[in-house]
Amino acid sequence: TVSVVLFTSDLRLHDNPVLRAALRDAERIVPLFVYDDGLRATGFAVPNRSAFLADCLEDLDSGLRERGGRLVVRSGDVVEQVHRVVTETGAARVHVAAGVSRYAARREERLRAALGDTGCRLVVHDAVVTAVAPGELLPSGKDHYAVFTPYFRRWTSEGVRDFLAAPRAVRVADVASEPVPARAEITGVSPGLAAGGESTGRRRLRAWLSDGIAGYEDGHDDIAGDATSRLSPHLHFGTLSAAEVIHGASREGSPGAQAFVRQLAWRDFHHQVLAARPAAAAQDYRSHGDRWRADKKEIAAWCDGRTGYPFVDAAMRQLRHEGWMHNRGRMVVASFLTKTLYVDWRVGARHFLSLLVDGDVANNQMNWQWAAGTGTDTRPNRVLNPVIQGKRFDPDGSYVRRWLPELEGVPDRYIHEPWKLQGPDRASLDHADHADHADYPDPIVELAEGRARFEQARGA
Ligand code: FAD
């Protein structure tokens, strides 16, 4: 007997219930990844995520080979390709992880319909992409939690499923594969993009649990210190399982570990919102009747990291350079775009998705809605001031100087508001080697003006 494992957002051998179930019910499996034309047509396959994905597939293939198997890669329409593999091998089952997006739901429906005439059964597994399956925890009479705190209480008290070891041996059915594409073939990738793959993810997790996590409670907002786990791309591609990460952190047990686990609950929370409200990927979860502005020059300045607000600009340049941005940066730039410039959150979400290696419909869209005050935030009209945020979370300006070399020589007290640099301070800078601070733009908008406009629009 043969079973197909259709890998999607679970590109791992450890703690993979989809893979384990297939190995349990068949002598041979087809570990299949399809370069899906449909997904590519959605614009989701941008260079940064494609490059990370190439690393993941290469590593998955080596992991399977170490166990006597190999990865089977196909390209085309995912449903047609699965159907073809089922016909070629006479597979009795196709196993796949449940997804939360509209796209994943539709893929499941189409697969079920296409397999109908083959006698092959589709088996969909919950709690693979998230630690707790969307829909598993529900407030009475509702189809999802709309507020995080009660969700988190339930999530904590009910606990996360146990995790599974990686299989020792994998026997693969005799079936053709296309070559696994190499990262080097992909162009337009951010120069500082992290490496992907399960092995890299597991190394990073081990280092984080032994050296990083204990400092998380105090350090997670120290943006220059870069003291968060950076596990998000691995969680996005499923090279690490959220359940395994949570068990590892819980064993460590420090206040830092507890704060970190809470963030993983946010990840599950957003997934269960999107699973219940797939339209929220594109529509306001809670409409305030916003009539967003769309000033092209301001939007371009935001995208390019040239708004004149150093904290915002540094974060936007980190995004372009690494395909990743610190959470504090994400919150500040999102508030700036949607509240200070009063631009539609979808514009920001789209730009993020064009670059973020962890770019993920549930986390990205729901966090953007949270930041814009159209989502699940219980304080939807709160505005983050980038100067105050900069002074608080980057007090000596190290983060700003790292990403904005033109501000390198600006004294600490002006680093978050360089337009105030006047008199002898400015003159000494002009005479030093740092004269290119003159290239840095003046603020594109006054913060007070932006805030007043937003508050008036919201009737706040
Ligand atoms: P850590 O601080 O080490 O946290 C551990 C893990 O918890 C993360 O890897 C992530 O999986 C999860 N997590 C942490 N914060 C959140 C959160 N607010 N919501 C959901 N999960 C969270 N995260 C993504 O994974 N993909 C996105 O596309 C994404 N877009 C975002 C857009 C905006 C506007 C904002 C404000 C946040 C977004 N986030 C997104 C959430 C968060 O910023 C990142 O998960 C985090 O910065 C990743 O870094 P880390 O792995 O070092 O996080």
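Each chain has its residues counted from 1, following the order in which its sequence is written. Local features in this predicted model are restricted to residues of pLDDT 70 or higher, and side-chain atom pairs are both shown and tallied only at a pLDDT of 80 or more, whereas totals for entire chains, interfaces and linings draw on every residue.

What counts here: UniProt positions are given in the numbering used here, feature names are shortened, and annotations may be inferred rather than shown by experiment.
The name given to the protein chain in an unreviewed UniProt entry is Deoxyribodipyrimidine photo-lyase, and the organism recorded there is Streptomyces rectiviolaceus. Under the UniProt heading Sequence similarities (unreviewed entry), the note attached to the protein chain is "Belongs to the DNA photolyase family." What UniProt records for the protein chain under Cofactor (unreviewed entry) is the sentence "FAD".

**Looking at the overall build of the protein chain**
The cut-off we apply is this: The way it works is that DSSP assigns letters per residue, a run of H or I at least four long becomes a helix, a run of E at least two long becomes a strand, and they are numbered from the N terminus. Here exposure depends only on C-beta density: within 10 Å of a residue's C-beta, 20 or more other C-beta atoms make it buried, 12 or fewer make it exposed, and intermediate numbers make it partly exposed, the C-beta atoms being placed from the backbone. Residue pairs are scored as contacts if the distance between their C-beta atoms, which are placed from the backbone, is within 7 Å.
Helix and strand counts for the protein chain come out as 20 helices and five strands. Taken over the C-alpha atoms alone, the protein chain extends approximately 80 × 50 × 45 Å along its principal axes. When the 460 residues of the protein chain are sorted by exposure, 46% land in the buried category. Long-range pairs, those at least 24 residues apart, make up 79% of the contacts in the protein chain between residues at least 6 apart in sequence.

**So, helix α13 (residues 310–322)**
Under the convention used in this document: Here the expected span of a helix is defined as 1.5 Å times the quantity of residues minus one.
Taking 1.5 Å of rise per residue, 13 residues should cover 18 Å, and α13 covers 18 Å from first to last C-alpha, within 8% of that figure. A large share of α13 lies buried, amounting to 11 of its 13 residues. Considered for burial, the residues of α13 that qualify are Pro310, Phe311, Val312, Asp313, Ala314, Ala315, Met316, Arg317, Gln318, Leu319 and Glu322. The secondary structure elements touched by the buried residues of α13 are α12 (296–304), α14 (327–340), α15 (345–355), α17 (386–393) and α18 (398–403). Note on α13: the residue one or two positions beyond its end, Gly323, has a positive phi of about 70°.

**A few points about unusual backbone geometry**
The backbone of Ala127 shows a phi angle near 55°, a positive value even though the residue is not glycine. Relative to the helices and strands, Ala127 resides in the loop between β5 (121–125) and α6 (148–158). Overall, Ala127 belongs to the partly exposed group, with 19 C-beta atoms counted inside 10 Å.

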